Amino acid sequence: MDATHYQHSNTINEAPLKGEMSLLFSGEGEPREGHYIGPAVHDYYLIHVVLDGEGTFETLGETHKLGAGDAFVIFPDILVKYQASMERPWKYIWIGFSGELVELALSEVGITPDHAVIRGCRQSRMQRHFKRLRAALEGNQRSALGNLEASGWLRLILHALGKTLWAESGSEQGAEREQEERSHPLPYRRIDQAIRLMTLQYAHPLTIEGIARTLSYHRSHLTRLFKEATGMSPMQYLFKVRMKKAEKLLEGDLTIAQVASSVGYNDPLFFTKQFRKWNGMSPTEYRREMSNQIPTKT
């Protein structure tokens, strides 16, 4: 689609904070009939709130028809497509952000990749939050001050979305979340948090002590609960997460050293030994094996 099919504006954060939650940009758009984006993956989180019109959002094999007051959340590395209606193309506002603990924060309020659509948002409140967020980025002479203020509005936006999910006790997502809370005692909810933490931060130098400290548990207590819940120690589980991600990355064009660094190993030789322990092949052998399985075009 060329630019004539899509009117939009966008405000960039010039001083995003590094760490748990970093605002990247915010904007609003009014696509023309049938305008679409994707199928594609993003390397950041992206929230759209529909203000008017209609469109569809495709994720994890499902298609959601959305209208005014609905919101959808795009998670990193998940293939999505979204498209404006041909009859009543939508108008929406959006916000992009990243951070090491974002997925955990979203999941705690019920927003997950398989629950990425929020219906019935209060449009006036959302528009007000977005307007003030963008004003913070545009109106402060010092970018760092603007970022601090805008980051606060980002959290209020996430709070509003989470509150919408819980607003009606009869809502499907709210009921599922309440059932999950009742059926999973606190210690095992902490294990869920540990798993999400490792799934998100596998590229970082995680330790059992650090994970336990984050969850306010003693190392030995966390290890015991984790084994009871998963059959593996935390480090065994982290190893599995890293190797699965490495397999995926080895199917691309990154060097072995780049793959190693991307999954938390600064030493490519040590990564190679670990990968061979995982599946019996070196990273190079695995890459060659995968390339041989790709059918050639005729």
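Each value, and the rule that gives it
Residues numbered from 1 in each chain as written. Predicted model: local features only at pLDDT ≥ 70, side-chain atom pairs only at ≥ 80, totals over all residues. Heavy atoms only, no water. Salt bridge = Lys/Arg side-chain N within 4 Å of Asp/Glu carboxyl O. Helix = DSSP H or I, 4+ residues; strand = E, 2+ residues; numbered from the N terminus. Buried < 20%, exposed > 50% of the residue type's maximum accessible area, 1.4 Å probe, protein only. Patch = residues over 30% accessible without salt bridge, like charges linked within 9 Å, V, L, I, M, F, W, Y side chains within 5 Å. Areas by Shrake-Rupley, 256 points an atom, 1.4 Å probe, with all protein chains shown as cover. Lys, Arg positive; Asp, Glu negative; His and termini not counted. Charge placed at Lys NZ, Arg CZ, Asp CG, Glu CD. Pairing = 2+ DSSP bridges. Axes fitted to C-alpha atoms, helices over the stretch in contact; angles between N-to-C directions.

Colleague: Please provide a residue-by-residue account of the pattern of salt bridges, values included.
Modeller: Pairs can form between side chains of opposite charge whenever their charged atoms are close. Evaluation of the coordinates by the stated rule reveals nine salt bridges. The partner of Asp52 in a salt bridge is Arg88, with the nearest N and O atoms 3.6 Å apart. Linking Asp52 in strand E4 (residues 45-52) with Arg88 in the loop between strand E8 (80-84) and strand E9 (91-98), this pair joins segments that are 36 residues apart in sequence. Here Asp52 falls in the partly exposed class, since its relative accessible area comes to 43%. For Glu285, the salt bridge identified is with Arg276, shortest N-O distance 3.7 Å. One network of salt bridges, with partners in common, ties together Asp52, Glu54 and Arg88.

Colleague: Pulling in residues and values, what's your account of a positive patch on the surface?
Modeller: The grouping of Arg122, Arg128, Lys131, Arg132 and Lys163 at the surface amounts to a positive patch. The element best represented in the positive patch is helix H2 (residues 123-139), accounting for three residues. In this structure, Arg128 sits in helix H2. Judged by its relative accessible area of 34%, Arg128 falls in the partly exposed class.

Colleague: Before we move on, could you go through the pairing of E9 and cite the residues and values that matter?
Modeller: The buried fraction of E9 is high, at six of eight residues. As defined by bridge partners, strand E2 (residues 22-31) adjoins E9 across seven bridges and the pair is classed as antiparallel. Bridge pairing links Leu23 to Phe97 in E9. Judged from the seven bridges that link them, E4 and E9 form a sheet pairing that is antiparallel. Bridge pairing in E9 places His48 opposite Trp94.

Colleague: So what's going on with the sheet that holds strand E3 (residues 36-40)? Which residues, and what values?
Modeller: Across the sheet, four strands lie side by side as E3-E8-E5-E6; this open sheet has antiparallel pairing. Both edges of this open sheet fall to E3 and strand E6 (62-67), since each of them pairs with a single strand only. Taken over all neighbouring pairs, the strand axes of this sheet differ in orientation by 15 degrees on average, direction set aside. Pairing of strand E5 (residues 54-59) with E8, which is carried by five bridges, proceeds in the antiparallel orientation. Bridge pairing in E8 places Thr59 opposite Val80.

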